[in-house]
Amino acid sequence: MAALLIRVSRPHLFHSGVIFRRSATSVGMDGLGLATSRSPLERLEFDNVVLKKLPLDPCEEPGVRMVKGACFSRVQPTPLTNPKFVALSGRALALLGLSEDEVLKDPLGPAYLSGSNVMPGSEPAAHCYCGHQFGNFAGQLGDGAACYLGEVKAPAEQDPELLRENPCGRWEIQVKGAGLTPYSRQADGRKVLRSSIREFLCSEAMFGLGIPTTRAGSLVTSDSKVARDVFYNGNPRLERCSVVLRIAPTFIRFGSFEIFKREDEYTGRQGPSYGLDEIRTQMLDYVIETFYPEIQQSHPDKVERNTAFFREVVSRTARMVAQWQCVGFCHGVLNTDNMSILGLTLDYGPYGFMDRFDPDFICNASDESGRYSYKAQPAICRWNLVKLAEALAPDLPPDRAEAVLDEYLPLYNTFYMANMRRKLGLLHKEEPEDEMLITQFMQTMHNTGADFTNSFRCLSQVSWPREGEDEAEALKQAAQLLLEQCASLRELKDASRPTMDTRELMMLLNMAQSNVALFQMLSHGRNLTKQLERLSRLKELMETSEEQLRTRQLEDWTTWLTLYRKRLIQECEGMGELEAAHEERVRVMNSVNPLVVLRNYIAQNAIEAAENGDFSEVQRVLKVLEQPYSSVPGLEQPGWVGRGGASEPGERDERGGREGSEGEEEREEEPAGAASSEGGHVLVPYDSKPPAWASEICVT
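Computed from a prediction, not measured in an experiment: that's the story for all the values here.

> If you had to explain the nonpolar core to someone new, which residues and values would you point to?
Residues F310, M442 and L598 are the most contacted members of the largest nonpolar core, which totals 176 residues. Ranked by residues supplied to this core, first place goes to helix 10 (residues 302-327) with 12 residues. Apart from residues lying up to four places away in sequence, F310 is in contact with L385, L388, A389, L392, L396, A401, V404 and L405. L489, L492, L541 and L549 belong to the second-largest nonpolar core, a separate cluster that totals five residues.

Right under this line is the structure:
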């Protein structure tokens, strides 16, 4: 199955001209000494090495422009009106030596962490980069809304493991949504509350899952407003400007090296610093010396060093995307400008965690061709690595890059299979049939419309085969667990409807017979085969009853569980302490199969609460996501429930879904464990299947 292993043909995290706004200290000294009287954010020790090592834009005038011969441009963040905290991540702030409590109590905290005030030692700047967007070279992009604040020295007591993954001992901090930069193009450099909540929560959710990621330390909103056409219908509305504090060793990305690209043969665009190859070499030296010191020290020959560096980037990228696939995460915009040079998950926009398993899952409603679908992610990451290799030439000779790229597929498959074996509790033996067993599990989930996250979590409850056990009863109990995670007939019908307008689809099919040339031109990139598959599946479901569907789902799961339990028998052959082995299996499975992920409806509910002035749900969800593999007592379900994605009855949700539409009287039965809140809303536990309205959320 395509979602399992890919076959293509060819760590953890995670000035002059600038008017700096400095603030007085927030409390008097009272004999305590200057160090204890200052805002904790004023005590941060900056060492902004990248601005010393890489070229700065000599022009410091405001305004959008093409930036040649520079990697950064100095900027001045635009202050917010009445900034205030929505939420803080104590775990992320600890990287900077800050405690959540002291930052929360700091009256200057929201101003400093939104860029409204500039901390002593901070040097605001925007990074210049290019990128291939949806496969086409877009030319200069850059930090259009993000602003580098500087590099904070890690505290002396920092966890050695974190420093191993960030060997430079500094954390770059940036604010996203702080206003115009030379790279803002036609935008305003601002971010609104809903997109900022999604970025803040997912950054920390991925860290909680153990997936390499950039971090988010704080989320600030304000009384400043910007107009956004939420529904793309020509009726913009005002929304609150908000800012996320992002933290990483560096935000340099694949696209950073594309500013030197020659004119693209398809788009005619070129990088703003084309021909300035010495700057590319300078940036490559900086990245390797700073973030890959072991490679720098081990390879005195530059070509060997650069090849080893690229090999490590390939390995980190393969590991990262394998981890995404194993938790059902879809990035949504895997352009080269959104790929970290450190192998971190970067830039959280229209991402999504799968609910019902579908290898063709597309989380970004703007991705009509499915280029960045779930199953396409491993191959797309390799494609992006090819573009990185092209950007590094001739410092990285093409023949050396090609040899390293050949290692990507085996690396990805190795990481993927290792993760999947742990998810299935196959810890001690590697059997040739394991790949097929995993593929069949994914296929059964797809056929039955099973929930991705919950189906994997259920597997730890499948009993270990024991002597004298009633096999038929054991299979029945296990199948019932998984049957509860399967989609209803209505859910499968809704999921199988063609995404293309039916009239348009029929027109194209008729055209295929009457005017082949016009058909080929109009149908390019429209995935007609997929649309026809959906139509065929829908026709089959229309002729199926709910009872027939349940019988078929039960048979499918019983067939797979029979194979799985046979494999478990092989797993425990030759083991002495079977009970201890079983306990280890359950413990490991529950440590890699999350109980909770950041489903779109969970984020949407927190957004609605925040837009209604209640930030507690964002904070509550953050606490749940910090421990995704276990239940957090007292935080099993939301503390706030809105209208399920609609700001008014019958109106579309914030990203285009519709609530209160025709057929609403046939409400889907809510998941087990759901309870009504005051006002008739449904409280759905964070670890349950999503509520009916979740399918209406559309993220772009």
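What follows picks up the thread again.
> Break down helix 21 (residues 546-572) for me, citing the residues and quoting the values.
For helix 21, which comprises 27 residues, the first-to-last C-alpha distance of 38 Å matches the rise-based estimate of 39 Å (1.5 Å per residue) to within 8%. Along helix 21, the residues classified as buried are L549, Q553, W557, W560, L561, Y564, R565, R567, L568, E571 and C572. Residues of helix 21 that are buried make contact with helix 14 (434-448), helix 16 (471-483), helix 17 (489-496) and helix 22 (578-592). Of the residues one or two after helix 21, G574 is the one with positive phi, at around 85°.

> Account for the packing of aromatic side chains, with residues named and values stated.
Across all of its chains, the model carries 19 aromatic pairs by this definition. Taking the centre distance of 4.9 Å and the plane angle of 45° together, the rings of F134 and Y372 count as tilted. Taken as a pair, F134 in the loop between strand 4 (130-133) and strand 5 (136-140) and Y372 in the loop between strand 12 (352-353) and helix 11 (377-392) lie far apart in primary sequence, 238 residues in all. On the accessibility criterion, F134 (33% relative accessible area) is partly exposed.

> I'd love a proper account of the side chain of S242, names of residues and values included.
Mapped onto the elements of the fold, S242 is located in strand 10 (residues 237-248). Relative accessible area serves as the criterion here: at 0%, S242 is assigned to the buried category. Side chain to side chain, S242 and T221 meet in a polar contact 2.9 Å long.

> Can you lay out the side chain of K493 for me, pointing to particular residues and giving the numbers?
Along the chain, K493 falls in helix 17. Despite its burial, K493 remains without a salt bridge, the nearest opposite charge being carried by E546 at 7.6 Å. Among residues more than four places away in sequence, those in contact with K493 are L538, L541 and M542.

Analysis parameters
- Residues numbered from 1 in each chain as written.
- Predicted model: local features only at pLDDT ≥ 70, side-chain atom pairs only at ≥ 80, totals over all residues.
- Heavy atoms only, no water.
- Core = buried A, V, L, I, M, F, W, Y, C linked by side-chain atoms within 4.5 Å.
- Buried < 20%, exposed > 50% of the residue type's maximum accessible area, 1.4 Å probe, protein only.
- Helix = DSSP H or I, 4+ residues; strand = E, 2+ residues; numbered from the N terminus.
- Contact = heavy atoms within 4.5 Å.
- Expected span 1.5 Å × (residues − 1).
- Phe/Tyr/Trp six-rings, centres within 6.5 Å; stacked < 30°, edge-to-face > 60°.
- Polar contact = N/O pair within 3.5 Å; in protein donor to acceptor, adjacent residues only side chain to side chain.
- Lys, Arg positive; Asp, Glu negative; His and termini not counted.
- Salt bridge = Lys/Arg side-chain N within 4 Å of Asp/Glu carboxyl O.

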